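Spelled out from the first residue to the last, the chains are:
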Amino acid sequence: MAIPVYLFCGPELGQRNDAVEAVKAALKKKYGSSDDFLYYAADTRVEDVVSQLRTESLFTPATCIVLRGAEAIKKKEDIELLGAWISSVTPSAKNSSASDASVLVLVSDELSVDTKLEKLIPKENKKQFWELFDDRKEAWLYDFFRKSGYTLQPDAAELILELVENNTEALRTECSRFFLCFPREHAISAEDVEQILAHNREESAFTLFDAMAEANASVSKRLEDSLLILQKILLTKSNSPVMLIAGLASCFRKLLLWHSLHAGGAYVDDFALKTNGFGGKLIRAQYSKASRVWTAGQCVAIIALLSKTDMHIRANGNIFTETELTLLLFEIVVKRGASCAVYEA
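Being a predicted model, the structure only gives us computed values, none of them experimental.

What follows covers the overall build of the protein. Of regular secondary structure, the protein possesses 15 helices and seven strands. Scaling as 2.2 N^0.38, a compact globule of 345 residues should have a C-alpha radius of gyration of about 20 Å, and the protein matches this with 22 Å. Counting over 345 residues, the protein shows a buried share of 43%. Within the protein, contacts between residues at least 6 apart in sequence are counted, and of these 76% link residues at least 24 apart.

Here you go:
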């Protein structure tokens, strides 16, 4: 019997999500059915998660909990609590009552989690999902369209990779639009991509970061473009200020990593860039551009601002959300991480 706890890290969302779904499918195949739950570590107490894992359902034979944002689990008591539960479900001669009917899947966008937490997970149940190299992304695209009954022209593939986030989950979502607009066996051209993706591009934390990091634009232009994108995001049905802030925090942590790799003008080879999540030409150009806008110290200050804004929004609800986010963008773009001064009469 395998130990029912997994750790999936890394920025390649598509393959990572496939791994999570494979765990759920295996559990359902073994027990017939299961209750599936999704929580975020920043919003959920570890003791509540462990309590749910220990509690057997009266109606469903198995339980699967996916806990995202696992990099936020750092408290000693939380890690010890998870360690105690993992020990209780680890099969051994002394623990014949261990059961794998309750499964915990820890997920993180980062490349690793707290070292003490990581040591609790069996080696065979841990996996890092790196961003695909350019050649593999192109191969994935061609295969995705071919399996769906379409062909993809080379210039169209190149344009798609420029427009869509660097992971297969985003590629799968965006490219599925073509199947609703064109008949099977249609050859997707660059003009089709321009029409479907460029003109109907959905704004996100990543497009917002890109607008803020446009080094060749003036500060006022970057602020104006960023505020327009923020308004579009806030008007969408899937609007989640907390997730928007989490996405921006991920971008600035990655920019901080870029600065550390290039500290002192050090040469960074292609392999080092790829292993640190900078595999494609587009993402390298994006973070090279952003590094000219914010220094490493400013990135640290911005990450602190993002954390502070996140706490304010959670505490105050939706009343001042737009004001908080507008102020946040001003502090990032104009003040470059410095807080706005408070006026006193």
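Strand order in the open sheet made by the five strands is S2-S3-S4-S1-S5, with parallel pairing throughout. Unpaired on one side and paired on the other, strand S2 (35-40) and strand S5 (126-128) mark the two borders of the sheet. Each strand axis lies, on average, 15° off the axis of its neighbour in the sheet, ignoring direction.

Another point: the packing of helix H11 (residues 241-261) against helix H15 (residues 321-333). Across the interface, H11 lies against H15 with an axial gap of 11 Å and an inter-helix angle of 15°. In terms of axis orientation, H11 runs roughly parallel to H15. Both H11 and H15 take part in a crossing whose hand is left-handed. Residues Pro241, Leu244, Ile245 and Phe252 of H11 pack against Thr321, Leu325 and Ile332 of H15. Broken down by class, the residue content of the contact of H11 with H15 amounts to six nonpolar, one polar and no charged.

Core analysis: the biggest nonpolar cluster contains 38 residues, and Phe209, Met212, Phe252, Leu255, Trp294 and Leu306 have the highest contact counts within it. Where this core is concerned, the elements lending two or more residues are helix H9 (205-212), helix H10 (219-235), H11, helix H13 (281-291), helix H14 (296-316) and H15. For this core, the element with the most residues is H11, which contributes eight residues. Core analysis: the next-biggest nonpolar cluster, separate from the first, contains 24 residues, Tyr150, Ala156, Ile188 and Val193 among them.

The final tally for this structure, using the stated rule, is 16 aromatic pairs. Look at Phe37 and Tyr39: their rings are 6.3 Å apart centre to centre, the planes differ by 10°, and that puts the pair in the stacked class. Judged by relative accessible area, which is 28%, Phe37 ranks as partly exposed. Aromatic side chains Phe278 and Tyr287 sit 5.5 Å apart centroid to centroid with 70° between the ring planes, which places their arrangement in the edge-to-face category. Each member of the pair, Phe278 as well as Tyr287, is classed as buried. A connected cluster of aromatic rings, assembled from ring pairs, spans Trp140, Phe144, Phe145, Tyr150, Phe178, Phe179 and Phe182. The ring of Phe278 carries the charged tip of Lys254 above its face, separated from the ring centre by 5.4 Å.

Moving on, we get to a nonpolar patch on the surface. Taken together, the side chains of Val219, Leu327, Phe330 and Val334 define a hydrophobic patch exposed on the protein surface, amounting to about 270 Å² of accessible area. Within the secondary structure, Val334 sits in the segment after H15. Taking relative accessible area as the criterion, Val334 reaches 33% and is therefore assigned partly exposed.

Before going further, it helps to spend a moment on the pairing of strand S3 (residues 63-68). Among the six residues of S3, five are classified as buried, and the element is accordingly described as predominantly covered. Where S2 meets S3, six bridges bridge the pair, whose relative direction is parallel. Counted as the bridge partner of Tyr39 is Leu67 from S3. In the classification by handedness, the crossover that spans S2, the intervening helix H2 (residues 46-54) and the parallel S3 is right-handed. Where S3 meets strand S4 (residues 102-108), six bridges bridge the pair, whose relative direction is parallel. Its bridge partner lying in S4, Ile65 is registered against Leu104.

In this fold, Arg222 is placed in helix H10. In this structure Arg222 is buried but unpaired, with Glu214 as the nearest side chain of opposite charge at 7.8 Å. When neighbours within four sequence positions are excluded, Arg222 is seen to be in contact with Ala211, Met212, Glu214, Ala217, Val293, Trp294, Val333 and Arg336.

What counts and what doesn't
- Residues numbered from 1 in each chain as written.
- Predicted model: local features only at pLDDT ≥ 70, side-chain atom pairs only at ≥ 80, totals over all residues.
- Heavy atoms only, no water.
- Helix = DSSP H or I, 4+ residues; strand = E, 2+ residues; numbered from the N terminus.
- Rg over C-alpha atoms; globule rule 2.2 N^0.38 Å.
- Buried < 20%, exposed > 50% of the residue type's maximum accessible area, 1.4 Å probe, protein only.
- Contact = heavy atoms within 4.5 Å.
- Pairing = 2+ DSSP bridges.
- Axes fitted to C-alpha atoms, helices over the stretch in contact; angles between N-to-C directions.
- Parallel < 35°, antiparallel > 145°, perpendicular 65-115°, else oblique.
- Left-handed = near helix turned anticlockwise from the far one by under 90°.
- Nonpolar A, V, L, I, M, F, W, Y, C, P; charged D, E, K, R; others polar.
- Core = buried A, V, L, I, M, F, W, Y, C linked by side-chain atoms within 4.5 Å.
- Phe/Tyr/Trp six-rings, centres within 6.5 Å; stacked < 30°, edge-to-face > 60°.
- Lys NZ or Arg CZ within 6 Å of the ring centre and 35° of its normal.
- Patch = residues over 30% accessible without salt bridge, like charges linked within 9 Å, V, L, I, M, F, W, Y side chains within 5 Å.
- Areas by Shrake-Rupley, 256 points an atom, 1.4 Å probe, with all protein chains shown as cover.
- Salt bridge = Lys/Arg side-chain N within 4 Å of Asp/Glu carboxyl O.
- Right-handed = clockwise from strand over helix to strand, strands pointing away.
- Lys, Arg positive; Asp, Glu negative; His and termini not counted.

Function-wise, these values are silent; they only describe arrangement.
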